[in-house]
Amino acid sequence: MKQLFKTVWLWLDDRIGISVLLAPMKHIAPQDAKWWYVFGTATLIAFVVQVASGVALAFSFIPSSSQAYETLVFITNTAPFGRFLRGLHYYGASAMVLMIGAHMAQTFLFGSYKFPREMTWTTGVCLLGFTLAMGFTGQLLRWDSTAAWSVVVAAEQAGRVPLVGDWLARFILGGNTIGGATLSRFFAIHVFVLPGIMFGFIGLHLWLVLRHGISEPPTAGKPVNPETYRKEYDELLKKSGRPFWPDLAWRDVIVCTALILTISLLAHFIGPPPLDNPPDPSVLAADPRPDWYLLWYFALLALIPVRIEGYVMILMPVLLGMLLLIIPVLNHKGERAASRRPWAIAVVCLSVIMIGSLWIEGQQSPWSPNFQALPLSDKVVGATSGPVFQGAQLFHDKACGGNNMPAFGSSLKPQELDALVAFLESRKRPLRPQDQSPTARN
Ligand code: HEM
């Protein structure tokens, strides 16, 4: 039997070249690279969980505005393992965001982005952007009222961006208003475009890790000098390097197994987030909060003055992204040890404190749009029935007195629009007799 397995393995290996494919696993790495270095592999494993659970979910999910919500109810309540799979995909996403954050903080604090690993960092920053975009597009696929409202709010905000706002809002919605095209668009982006790009970037990122080798843990007083670094690194590997597999990989195996176990236990015992009501843009009983990893950013938008929201919404991520991308350009040599770069510790601590406090604020802050418009009194309305009264009611129900209300242009019925116009016109001049209620006329 053993001989049979050996023959089959040798035949397969000869024809396919499995051991050649696995050879990079045996690359020599610094033996001091210990527990701090596990977060990259953990991010990779979380990505694999996402791909596997996402493909399984796509077997039953129908990306049509009339059926998406129903298929998710079916997956959650009826399909075998459906609830578990949705849970895996949800906690897998959370794990990926947490691990990518830890990986980024570690490589930043260890100065691993310095010569010659600048492009490893740069491709990583792109991967961070794609990961967050996956979270945002995935949330809409839930196609419940919170998801739909989040997109309406995002499109409304994007519409306020100077110059490109209109185009951006139409691109997000796939037309003038949220609908079937919006869902198809987000499905295509979430399932084909972003994962495709991510496969390419992860491949490039890992290729760069192999090309430049895993960085040795930093030593205070031993700065990176691009002229001598490569020679010193090669000598270090010759002296004390170990093959990643099997000598060093055991820590990664332990952390990744614990990660998969935690995601599975959470998926089984807590399950996926409950679905909200089905989406209906004319119903305002929604609380459009994004999933936790984007909550801090929405809290920021809700807290800043309305005037600058449009600018901050698009400009802040662009500026932050650019800042992250140029870190290795500005700072590619010198000390790597965090003890000699106190500002690096301060940046990480302040980022954690800022995101953490915005996140806490995001749990309770009033939202933009603020749908809690105050009711209009009879005295203000001046009528108790008729078009002006109906218009006043709509004015309140659609939260016209609130902040940053979404565009209802395409979801209002013609009579509703007429009633709103009648009410608004009545603000300018005394009521005409035909607009007043019969009792007020008498
Ligand atoms: C899908 C996302 C990502 C995956 C799957 C991934 C995976 C990996 C893996 C497996 C390594 C090898 C060693 C290690 O774990 O340190 C690595 C190294 C590295 N990654 Fe990532 N990474 C991702 C995102 C990022 C991000 C967001 C950044 C920073 C902005 C980044 C920057 C780096 C750097 C600088 C290294 C070299 C570390 C060293 O040589 O010590 N990566 N990555």
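Definitions and cut-offs
Residues numbered from 1 in each chain as written. Predicted model: local features only at pLDDT ≥ 70, side-chain atom pairs only at ≥ 80, totals over all residues. Heavy atoms only, no water. Helix = DSSP H or I, 4+ residues; strand = E, 2+ residues; numbered from the N terminus. Contact = heavy atoms within 4.5 Å. Donors = N, O, S within 2.8 Å, 3.2 Å for Na, K, Ca; no water. Tetrahedral: all angles 85-135°; square planar, octahedral: opposite > 155°, others 65-115°. Axes fitted to C-alpha atoms, helices over the stretch in contact; angles between N-to-C directions. Parallel < 35°, antiparallel > 145°, perpendicular 65-115°, else oblique. Nonpolar A, V, L, I, M, F, W, Y, C, P; charged D, E, K, R; others polar. Near = heavy atom within 4 Å. Polar contact = N/O pair within 3.5 Å; in protein donor to acceptor, adjacent residues only side chain to side chain.

Novice: Looking at this structure, I do not really get the environment of Ile-214. What am I missing?
Specialist: Mapping Ile-214 onto the fold places it in the loop between helix H9 (180–212) and helix H10 (229–240). Placed 102 residues apart in sequence, Ile-214 and Ser-112 show a C-alpha to C-alpha distance of 8.6 Å. In this structure, Ile-214 is in contact with His-27, Pro-30, Ala-33, Tyr-37, Arg-117, Val-209 and Tyr-233, ignoring residues within four places of it in sequence.

Novice: What's the story with unusual backbone geometry in this structure? I'm lost.
Specialist: Among all residues save glycine, negative phi is the norm, and among peptide bonds the norm is trans. The omega angle of the peptide bond from Phe-115 to Pro-116 is 0°, so this bond is cis rather than trans. With respect to the element layout, Pro-116 can be found in the loop between helix H5 (82–109) and helix H6 (118–141). Cis geometry marks the peptide bond from Trp-245 to Pro-246, where omega comes out at 10°. Residue placement: Pro-246 occurs in helix H11 (residues 244–248). If you check the backbone angles, Phe-81 has positive phi at about 65° while not being a glycine. Tracing the backbone shows Phe-81 in the loop between helix H4 (68–77) and H5. Although it is not a glycine, Trp-143 sits at a positive phi angle of roughly 50°. Turning to its location among the elements, Trp-143 is positioned in the loop between H6 and helix H7 (145–159).

Novice: Before we go on, may I ask you to explain the coordination of the iron atom of the ligand in this structure?
Specialist: Each angle at a metal carrying four tetrahedral donors should ideally be 109.5 degrees, and each at a metal carrying six octahedral donors should ideally be 90 or 180 degrees. The protein atoms that coordinate the iron atom of the ligand are His-103 (NE2) and His-205 (NE2), at distances spanning 2.0 to 2.1 Å. Of note is the iron atom of the ligand, whose six donor atoms meet at the metal with angles of 84 to 179° in an arrangement that counts as octahedral. Here His-103, found in helix H5, pairs with His-205, found in helix H9; they are 102 residues apart in sequence, far enough to count as distant.

Novice: Sorry, what's going on with the packing of H7 against helix H14 (residues 306–330) here?
Specialist: Axes are the key here: two packed helices are described by the angle between their axes and the distance separating the axes. Axis separation between H7 and H14 bottoms out at 8 Å; the angle between their running directions is 100°. Relative to H14, H7 is oriented roughly perpendicular. From H7, Ala-154, Gln-157 and Ala-158 reach across to H14, where they touch Glu-309, Gly-310 and Met-313. For the contact of H7 with H14, the per-class residue count stands at three nonpolar, two polar and one charged.

Novice: Whenever I open this one, the site of the ligand confuses me. Can you help?
Specialist: Taken together, 25 residues sit near the ligand, with Tyr-37, His-103, Gly-124, His-205 and Ser-215 positioned nearest. Within the contact set of the ligand, a nitrogen atom lies 2.7 Å away from a side-chain nitrogen or oxygen of His-103. Between Ser-215 and the ligand, the recorded distance is 2.5 Å, taken from a side-chain N or O atom to an oxygen atom. Looking at the shell around the ligand, the elements that each hand over two or more residues are helix H3 (39–58), H5, H6 and H9. It is H6 that contributes the most residues to the shell around the ligand, six residues altogether.

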